[in-house]
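Spelled out, the chains give:
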Amino acid sequence: MQITDVRVRKVSKEGKLKAVVSITIDDEFVVHDIKVIEGEKGLFIAMPSKKALDGEYRDIAHPINSGTRERIQSTILSKYEESLEEEEPLVVDEM
């Protein structure tokens, strides 16, 4: 399995949610609405989820094992960091 595309949409509101991401796997399968979240121990991803009838949130799509989850997370967080570096610096006009 190869992650062949990562699209990062940064969230401008203050809060723990930093971005919403879509990934393409093997140029054939897309997973939308993966969230980049700022936690107590740093950034992590949350897979797309849906609220069940019992009030609990359940992942709609998710990796089967921890190795795959780590590979997806590291790829997404790397692209998120790149997107932060691409931001234009704030220019202050001194008069």
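The preceding data block contains the structure.
In this text the structure is predicted, and so the values were computed from the model without any measurement.

1. Observations concerning the overall build of the chain
Stage number 1. Secondary structure summary: the chain contains one helix and six strands in total.
Stage number 2. A compact globule built from 95 residues should have a C-alpha radius of gyration of about 12 Å, whereas the chain, at 16 Å, is more than 25% larger.
Stage number 3. With the principal axes as the frame, the chain shows a C-alpha extent of 60 × 35 × 25 Å.
Stage number 4. Burial analysis of the chain (95 residues in total) assigns 24% to the buried set.
Stage number 5. Intrachain contacts of the chain at a sequence separation of at least 6 include 29% that bridge at least 24 residues.
Stage number 6. Surface accessibility of the chain: about 7400 Å² in total, with carbon and sulfur atoms responsible for 50%.
Stage number 7. Separation of charge centres in the chain, based on 14 positive and 20 negative side chains, amounts to 9 Å.

2. Looking at the pattern of salt bridges
A pair can form between side chains of opposite charge whenever their charged atoms are brought close.
Stage number 1. For the structure on display, the rule yields five salt bridges.
Stage number 2. Between Arg 7 and Asp 5 there is a salt bridge, with its nearest N and O atoms 2.7 Å apart.
Stage number 3. Salt-bridge contacts for Asp 54 lead to Arg 58; the nearest nitrogen and oxygen are separated by 3.0 Å.
Stage number 4. Under the relative-accessibility criterion, Arg 58 is labelled partly exposed at 43%.

3. With respect to the nonpolar core
Stage number 1. Core analysis: the largest hydrophobic core is formed by 14 residues, its most contacted members being Val 21, Ile 23, Val 31, Ile 34, Val 36, Ile 45 and Ile 76.
Stage number 2. When contributions to this core are tallied by element, the ones reaching two or more residues are β2 (17–25), β3 (29–39) and α1 (66–85).
Stage number 3. Leave out the neighbours within four places in its chain, and Ile 45 touches Ile 34, Lys 35, Arg 69, Ile 72, Gln 73, Ile 76 and Leu 77.

4. Overview of the pairing of strand β4 (residues 42–46)
Stage number 1. Sheet topology note: the β3/β4 ladder contains five bridges and is antiparallel. Bridge pairing in β4 links Lys 35 to Ala 46.
Stage number 2. Linking two consecutive strands that pair antiparallel, namely β3 and β4, is a turn of two residues.

5. Description of α1
Stage number 1. Relative to the 28 Å expected for 20 residues at 1.5 Å per residue, α1 spans 28 Å between its end C-alpha atoms, a close match to the ideal helical length.
Stage number 2. Looking at the buried side of α1, the elements it contacts are β1 (3–10), β2, β3 and β4.
Stage number 3. Backbone nitrogen of Gly 67 and a side-chain oxygen of the N-cap are separated by 3.3 Å at the start of α1; the cap is Asn 65.

6. Remarks on the environment of Arg 9
Stage number 1. By secondary structure assignment, the location of Arg 9 is in strand β1.
Stage number 2. C-alpha of Arg 9 to C-alpha of Ile 72: the two residues are 63 residues apart in sequence and 17 Å apart in space.
Stage number 3. Among the polar contacts listed, one links the side chain of Arg 9 to the side chain of Ser 22, at a separation of 3.5 Å.

About the criteria used
- Residues numbered from 1 in each chain as written.
- Predicted model: local features only at pLDDT ≥ 70, side-chain atom pairs only at ≥ 80, totals over all residues.
- Heavy atoms only, no water.
- Helix = DSSP H or I, 4+ residues; strand = E, 2+ residues; numbered from the N terminus.
- Rg over C-alpha atoms; globule rule 2.2 N^0.38 Å.
- Buried < 20%, exposed > 50% of the residue type's maximum accessible area, 1.4 Å probe, protein only.
- Contact = heavy atoms within 4.5 Å.
- Areas by Shrake-Rupley, 256 points an atom, 1.4 Å probe, with all protein chains shown as cover.
- Lys, Arg positive; Asp, Glu negative; His and termini not counted.
- Charge placed at Lys NZ, Arg CZ, Asp CG, Glu CD.
- Salt bridge = Lys/Arg side-chain N within 4 Å of Asp/Glu carboxyl O.
- Core = buried A, V, L, I, M, F, W, Y, C linked by side-chain atoms within 4.5 Å.
- Pairing = 2+ DSSP bridges.
- Expected span 1.5 Å × (residues − 1).
- Polar contact = N/O pair within 3.5 Å; in protein donor to acceptor, adjacent residues only side chain to side chain.

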